[in-house]
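Close look at the chain arrangement
If you want the building blocks of each chain, they are given just below.
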Amino acid sequence: SVKERTYIMVKPDGVQRNLVGEIIGRFEKRGFKLTALKLVHASPEHLEKHYADLAGKPFFPGLIKYMASGPVVAMVWEGLDAVKTGRVMLGATNPLQSPVGSIRGDFALAVGRNICHGSDSVENAEKEIKLWFPEGTIQYSLAQESMIYE
Ligand code: DAT
Ligand code: MG
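Residues numbered from 1 in each chain as written. Chains lettered and ligands numbered in written order. Predicted model: local features only at pLDDT ≥ 70, side-chain atom pairs only at ≥ 80, totals over all residues. Heavy atoms only, no water.

1. Some remarks on the packing of aromatic side chains
Here the structure, examined in full by the defined rule, presents three aromatic pairs. Seen from their ring centres, Phe 27 and Phe 32 are 6.2 Å apart, and the 45 degrees between their planes marks the pair as tilted. When its relative accessible area of 8% is taken as the criterion, Phe 32 is described as buried. In this structure, Lys 33 packs its charged tip against the face of Tyr 140, placed 5.2 Å from the ring centre. Across from the ring centre of Tyr 66, 4.6 Å away, lies the NZ or CZ of Arg 113, which sits over that ring. (Phe/Tyr/Trp six-rings, centres within 6.5 Å; stacked < 30°, edge-to-face > 60°. Buried < 20%, exposed > 50% of the residue type's maximum accessible area, 1.4 Å probe, protein only. Lys NZ or Arg CZ within 6 Å of the ring centre and 35° of its normal.)

2. Describing helix H4 (residues 60-67)
Phe 60, Leu 63, Ile 64, Tyr 66 and Met 67 are the residues of H4 that are buried. Angular distribution of buried residues about the axis of H4 spans 165 degrees; they occupy a single face of the element. Among the exposed residues of H4, those pointing more than 90 degrees away from its buried face are Pro 61 and Lys 65. Buried residues in H4 make contact with strand S1 (5-10), helix H1 (12-16), helix H3 (44-50) and strand S3 (72-78). (Helix = DSSP H or I, 4+ residues; strand = E, 2+ residues; numbered from the N terminus. Arc of directions from axis to C-beta. Contact = heavy atoms within 4.5 Å.)

3. Let's talk about helix H7 (residues 122-132)
All buried positions along H7 are accounted for by Asn 124, Ala 125, Glu 128, Ile 129 and Trp 132. Seen end-on, H7 carries its buried residues on one side only, within an arc spanning 140 degrees. Seen from the open side of H7, the exposed residues pointing more than 90 degrees away from its buried face are Glu 123, Lys 127 and Lys 130.

4. Description of the pairing of S1
In terms of burial, S1 is largely enclosed, as six of its six residues are buried. In S1, alternate side chains face the same way, and those of Arg 5, Tyr 7 and Met 9 on one face and Thr 6, Ile 8 and Val 10 on the other are all buried. Note: S1 against S3, six bridges, orientation antiparallel. Within S3, the position partnered with Arg 5 by the bridge is Glu 78. In the sheet, S1 pairs with strand S4 (residues 116-118) via three bridges, with the strands oriented antiparallel. In the sheet register, Ile 8 faces S4, and the bridge partner there is Gly 118. (Pairing = 2+ DSSP bridges.)

5. Description of the UniProt feature "active site" (unreviewed entry) in the chain
As annotated in UniProt, the feature "active site" (unreviewed entry) corresponds to His 117 in the numbering used here. Here His 117 is in contact with Tyr 7, Ile 8, Met 9, Lys 11, His 50, Tyr 51, Leu 90, Arg 104 and Glu 128, once residues within four sequence places are set aside. (UniProt positions renumbered as here; feature names shortened; annotations may be inferred.)

6. Observations regarding the UniProt feature "domain: Nucleoside diphosphate kinase-like" (unreviewed entry) in the chain
Mapped onto this structure's residue numbering, the UniProt feature "domain: Nucleoside diphosphate kinase-like" (unreviewed entry) falls at residues 3-140. Its end C-alpha atoms 12 Å apart, residues 3-140 is made of 41% helix and 17% strand.

7. Observations regarding the pattern of salt bridges
Evaluated as defined, the whole model comprises seven salt bridges. For Glu 135, the salt bridge identified is with Lys 38, shortest N-O distance 2.9 Å. With Glu 135 in the loop between H7 and helix H8 (145-148) and Lys 38 in strand S2 (residues 33-40), the pair connects residues that are 97 residues apart, well separated along the chain. For Lys 38, a relative accessible area of 26% puts it in the partly exposed group. The partner of Asp 81 in a salt bridge is Lys 84, and the shortest N-O contact between them spans 3.3 Å. According to the relative accessible area criterion, Lys 84 is exposed, its value standing at 54%. Among the charged side chains, a network of salt bridges with common partners joins Lys 3, Lys 33 and Glu 78. (Salt bridge = Lys/Arg side-chain N within 4 Å of Asp/Glu carboxyl O.)

Take a look at the structure:
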């Protein structure tokens, strides 16, 4: 659906490495619509909710510490097949397995410093959007929509 939404986040390493504009630019240029955006220094408690499915993994404490080490850019992008296409644009979890041309494949090397997050299902996207944007998102129409969709 062209109304599908995904939660995309530039992680602390992406912010520190000045990749915020690069990542936003890729989603903009692909044709997706930005419907929410903020810079957040998240608490460990908030990040534990975001990554609740991974609690118990050996890397979980390190993941929370890294994600809480600095601000992240939280975003919602809307458009055709946004969840799956967003994941393709990010690349694989391990940057070494990510194709060149993907964000992780172009800018990262280590799984624990992989620059960006993207929702892995429509259901999880809606959960993550609620967690990061309890205030809601912005509805508006894109002027060039008829040039992006038939
Ligand atoms: P993804 O971010 O591709 O959805 P995930 O949800 O399985 O991957 O894991 C969330 C994050 O946790 C991932 O982006 C980086 C970190 N992570 C995953 N597997 C890891 C591992 N084996 N060692 C260290 N960090 C890992
Ligand atoms: Mg994930």
